[in-house]
Amino acid sequence: MNQNNFILLEHPLIKRDMTILRDRQTAPEEFRMVLNRISRILAVEISKNFNVQEINVDTPLEKTKGYLLADQIVLAPVLRAGLGMLNGFLEVIPEAKVGHIGLKRDEETLNPIYYYYKAPVDLDKGITIVLDPMLATGGSAAEALNYLKENGAKNIALACLVAAPEGVKKVSACHSDVKIFCAALDRQLNSKGYILPGLGDAGDRIFGT
Ligand code: PRP
Ligand code: URA
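Described in the following lines is the structure provided in the data block. (Residues numbered from 1 in each chain as written. Chains lettered and ligands numbered in written order. Predicted model: local features only at pLDDT ≥ 70, side-chain atom pairs only at ≥ 80, totals over all residues. Heavy atoms only, no water.)

Bridge count between strand S2 (residues 52-58) and strand S3 (residues 63-69): seven bridges; the pairing is antiparallel. Its bridge partner lying in S3, Glu-54 is registered against Tyr-67. Turn length for the S2-S3 hairpin, with the two strands adjacent in sequence and antiparallel, is four residues. (Pairing = 2+ DSSP bridges. Helix = DSSP H or I, 4+ residues; strand = E, 2+ residues; numbered from the N terminus.)

Quick look at the structure:
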């Protein structure tokens, strides 16, 4: 994959957790726990180049320099499966605001159907990170990015677990300004739009449906 907005996050802990998530024997309780853990690691990796603002801090012994995040961060989970990544990101970036985007793939056409949007009004002020574990055809991610941009977001990243090449191409073509961070790049989509080898339906695996 030579799209220069695509970043494959490589880390032994990510590889280990992806294996647990892919395993069909992993039940929802463990799936949620591991998804939360891997999301924390993704959050740390994705935030590596965030700007900081210098402040003064008093230690018990003397004054020294300290830092705050310089930019407002908004986390935007795509319902439902993006919710599985939210707490892990919030544990690492607790000052983030949260915007929700409701999209559901039509099982026949594979096109995303919109049903909900609620996000902070000042998205233009900082960085927005879209959370969705699965980037399959890319239709849902592209649509989520459209909504966020229509509502003012300018500096946006997409965080996912598993991407298909088809989805990376689609998002790169429609939103070349958006960096795509991903824990695994898989082979292809099947005839029903599922990622192979993938991990199945992420929403079903998280919520036991
Ligand atoms: C899944 C997933 C993505 C989308 C990816 O959600 O969480 O949002 O499919 O597929 P795409 O790249 O082809 O658009 P789904 O629509 O199944 O909704 P759910 O999370 O509510 O189950
Ligand atoms: N959505 C999922 O949850 N899994 C896939 O493999 C594709 C879309």
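Structure's up, so let's keep going.
Buried residues of helix H3 (residues 83-92): Gly-84, Met-85, Leu-86, Gly-88 and Phe-89, and no others. Buried-residue contacts for H3 involve helix H2 (28-46), strand S4 (73-79), strand S5 (97-98), strand S8 (127-131), strand S10 (155-163) and helix H6 (202-207). (Buried < 20%, exposed > 50% of the residue type's maximum accessible area, 1.4 Å probe, protein only. Contact = heavy atoms within 4.5 Å.)

Let us now look at the environment of Leu-13. Inspection of the secondary structure assignment puts Leu-13 in helix H1 (residues 12-22). Judged by relative accessible area, Leu-13 falls into the partly exposed class, the value being 38%.

The next point concerns the pattern of salt bridges. Between side chains of opposite charge, pairing is possible as soon as their charged atoms come close. The tally for this structure, following the rule as stated, stands at 11 salt bridges. Between Arg-22 and Asp-186 there is a salt bridge; the shortest N-O distance is 2.7 Å. In this pair, Arg-22 is assigned in helix H1 and Asp-186 in the loop between strand S11 (179-185) and strand S12 (188-189), connecting sequence segments 164 residues apart. Among the ionic pairs, Lys-97 bridges to Asp-122, the shortest N-O distance being 3.3 Å. On the criterion of sequence distance, the pair formed by Lys-97 in strand S5 and Asp-122 in the loop between strand S7 (112-118) and S8 is long-range, its members being 25 residues apart. (Salt bridge = Lys/Arg side-chain N within 4 Å of Asp/Glu carboxyl O.)

Taken together, the residues surrounding ligand 2 are Arg-105, Met-134, Ala-136, Gly-193, Tyr-194, Ile-195, Gly-200, Asp-201 and Ala-202. The separation between an oxygen atom of ligand 2 and a polar main-chain atom of Ile-195 is 2.8 Å. Ala-202 places a polar main-chain atom, nitrogen or oxygen, 2.8 Å from an oxygen atom of ligand 2. Look at ligand 2: alone it shows 240 Å² of surface, and the protein chains cover 89% of it. Of the residues in the shell around ligand 2, the class split is five nonpolar, two polar and two charged. (Near = heavy atom within 4 Å. Polar contact = N/O pair within 3.5 Å; in protein donor to acceptor, adjacent residues only side chain to side chain. Areas by Shrake-Rupley, 256 points an atom, 1.4 Å probe, with all protein chains shown as cover. Nonpolar A, V, L, I, M, F, W, Y, C, P; charged D, E, K, R; others polar.)

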